[in-house]
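Results of the structural survey
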Amino acid sequence: MRGGVFKGRCASVRRSAFGQLLKDKQGLRVMEVHCPLTALLVEEVLYSGVDGDVVYDAFWSSSLVDSALRGKPDIELVEFSSRFSNVSDIFDVTTKPLIFDADTGGMIEHLPYHIRTAERLGVSAFVIEDKVGLKRNSLLGNEVLQCQASIEEFSKKIATATQSPSNPDFMIIARIESLILDEGMPQALRRALAYVAAGADGVMIHSRQGAPDEVLEFARLFRVHHQDVALVCVPTTYTNIHFDALVEAGFNVVIYANQMLRA
């Protein structure tokens, strides 16, 4: 209860809200939240400018932040059950949809169970990245050993994920680490097209560069092939570009992935 008004929202309504927002708005702002209090702040914040009101459209549940809050490294050490419990607490007092950072998704045999649990909670989307082995924080790049799954291997994981939800509102977004690992633009685009062919509802392209040039180039190339597939970016390092410019370049979703923790 907050101010005498119950703020929770039934799972089915919340789950479908993100997809509806994608249809209704050209670009969505998504902010990291890590507890009910931060979620309430994001839910209520509003900026009234000359072009109208600006709000955050959805929440982002970050594995990096959930690990940091527990004093643990960002290596998929915090179990899904613990993170889902935190999401449940957030959902008790808020109404906005939530995207869940699922890291690599874990073992392919376990992935359908994680997705169905998230779906029952009211989570709107899973973002799964194409790494294998010990997952490390993307911004470390090649400073530490990080390996991508083969295109065939990860496409199989995406196909398994997309067949797991019982409701078509639940979205699977494939996160591509090729630019993070200096594997080049052609490989990043090749992976994106393969993952969409495997059933991904959206693609997240990640970069650790200080300028947005490579994500803008990726968006240009990707939109030649797919106009309607959701395209997601995370401007953690390339902070000198405005939200509107990213949307104009073709991005549907801009995630501010750890700003609440840093604040």
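Here, the structure is the one placed above.
Residues numbered from 1 in each chain as written. Predicted model: local features only at pLDDT ≥ 70, side-chain atom pairs only at ≥ 80, totals over all residues. Heavy atoms only, no water.

**A few points about the overall build of the chain**
Inclusion rule: Working definition: helices are DSSP H or I runs of at least four residues, strands are E runs of at least two. Numbering for both runs from the N terminus. Here's how the labels work: a residue is buried when its accessible area is under 20% of the maximum for its type, exposed when over 50%, partly exposed in between, all with a 1.4 Å probe on protein chains only. Residue contacts are defined here by distance: any two heavy atoms, one from each residue, within 4.5 Å place the two residues in contact. In this description, accessible areas are obtained by the Shrake-Rupley approach with a 1.4 Å probe, and a residue is regarded as covered only by the protein chains that are shown. In this tally, Asp and Glu contribute negative charge and Lys and Arg positive charge; neither His nor the terminal groups of the chain are included. Just so you know, the charge point we use is NZ for Lys, CZ for Arg, CG for Asp and CD for Glu.
Broken down by element type, the chain carries 10 helices and 12 strands. Here the chain, with 263 residues, has 53% of them falling under the buried criterion. Restricting to contacts in the chain with at least 6 residues of sequence separation, those with at least 24 account for 74%. Accessible surface computed for the chain: about 11600 Å², of which carbon and sulfur atoms make up 53%. Once the 26 positive and 33 negative side-chain charges of the chain are each reduced to a mean point, those two points are 3 Å apart.

**Overview of the packing of aromatic side chains**
Selection criterion: For Phe, Tyr and Trp, where Trp contributes only its six-membered ring, two rings pair if their centres lie within 6.5 Å, and the inter-plane angle classes them as stacked under 30 degrees, edge-to-face over 60, or tilted in between. Here, a charge over a ring is recorded when the distance from Lys NZ or Arg CZ to the ring centre is within 6 Å and its angle to the ring normal is within 35 degrees.
Counted under the stated rule, the structure contains nine aromatic pairs. Here F218 and F222 contribute two aromatic rings whose centre-to-centre distance is 5.9 Å and whose plane-to-plane angle is 10°, an arrangement assigned as stacked. One end of the pair is F218 and the other is F222, both in helix α8 (residues 213-225) and four residues apart, which spans about a single turn. A relative accessible area of 0% places F218 in the buried class. Owing to a relative accessible area of 0%, F222 belongs among the buried residues under this scheme. Here a set of aromatic residues connected by ring pairs shows up, and it is made of F80, F84, F100, F126 and F170. Over the aromatic face of F91 sits the side chain of R14, whose NZ or CZ is 3.9 Å from the ring centroid. One Lys or Arg, R29, reaches over the ring of F243 and ends 3.8 Å from the middle of that ring.

**With respect to the sheet that holds strand β1 (residues 28-32)**
The line we're drawing: By the convention used here, strands pair only if DSSP detects at least 2 bridges between them. To get an axis, fit a line to the C-alpha atoms, keeping to the stretch in contact for a helix; angles then go from 0 to 180 degrees between the N-to-C directions.
Ordered by their spatial adjacency, eight strands build a closed barrel running β1-β4-β5-β6-β9-β10-β11-β12, and the pairing between neighbours is parallel. Going from strand to strand, the sheet's axes swing by 25° on average, the running direction of each strand aside. Where strand β4 (residues 58-61) and strand β5 (residues 98-101) come together, three bridges link them in parallel fashion. In the sheet register, S61 faces β5, and the bridge partner there is F100. Strands β4, β5 and β6 (125-129) of the sheet are contacted by helix α4 (residues 80-92), whose axis makes an angle of about 165° with β5.

**Considering the packing of helix α7 (residues 185-197) against α8**
Rules: Reported orientations rely on four angle classes, namely roughly parallel under 35 degrees, roughly antiparallel over 145, roughly perpendicular from 65 to 115, and oblique for the rest. Two helices that cross are described as forming a left-handed crossing if the nearer one is turned anticlockwise from the farther one by less than a right angle, and a right-handed crossing if clockwise. Each residue is assigned to one class: nonpolar for Ala, Val, Leu, Ile, Met, Phe, Trp, Tyr, Cys and Pro, charged for Asp, Glu, Lys and Arg, and polar for all the others, Gly among them.
It is the contact of α7 with α8, at a shortest axis distance of 10 Å, that shows an interaxial angle of 45°. On the basis of their axis angle, the class for α7 and α8 is oblique. Seen from above, α7 lies across α8 with right-handed handedness. Contacts between α7 and α8 pair M185, A188, L189, A192, L193 and V196 from the former with E214, E217, F218, L221, F222 and H225 from the latter. Looking at side-chain class alone, the contact of α7 with α8 contains nine nonpolar, one polar and two charged residues.

**Concerning the nonpolar core**
Operational definition: To qualify as a nonpolar core, a set must consist of buried Ala, Val, Leu, Ile, Met, Phe, Trp, Tyr and Cys residues joined through side-chain atoms within 4.5 Å.
Formed by 55 residues in total, the largest nonpolar core has its most connected members in F100, F126, F218 and F222. With seven residues, the top contributor of residues to this core is α7. What F222 contacts, discounting residues up to four positions off in sequence, is L189, A192, L193, V196, V203, V229 and L231.

**Focus: helix α5 (residues 111-121)**
The following threshold applies: The arc in question is the one spanned by the directions pointing from the helix axis to the C-beta atoms.
Of all the residues in α5, the buried ones are L111, P112, H114, I115, A118 and E119. Buried residues along α5 cover an arc of 160° about the axis, so they all sit on one side. Along α5, the residues that are exposed and aim more than 90 degrees away from the buried face are Y113 and R120. Buried-residue contacts for α5 involve α1 (11-24), α4, β6, α6 (151-162) and β9 (171-176).

**Describing the packing of α4 against α5**
Orientation of α4 relative to α5, taken along the N-to-C sense of each, is 10°, at an axis distance of 10 Å. When the axis of α4 is compared with that of α5, the two are roughly parallel. Here F80, F84, V87, S88 and F91 of α4 lie close against α5, whose contacting residues are H114, T117, A118 and L121. For the contact of α4 with α5, the residue count by class is six nonpolar, three polar and no charged.

**Brief notes about the pairing of β6**
Short version of the rule: Clockwise travel from the first strand over the helix to the second, with the strands pointing away from the viewer, marks a crossover as right-handed.
Most of β6 sits inside the fold, with five of its five residues counted as buried. Sheet topology places β5 next to β6; three bridges connect them, and they run parallel. Residue pairing in the sheet places D101 in a bridge with V127 of β6. For the handedness criterion, the β-α-β arrangement of β5, α5 and β6 is classed as right-handed. As judged from the five bridges shared by β6 and β9, these two strands associate in the parallel manner. Across the sheet, F126 pairs through a bridge with I172, a residue of β9.

The analysis is restricted to geometry; functional conclusions fall outside its scope.
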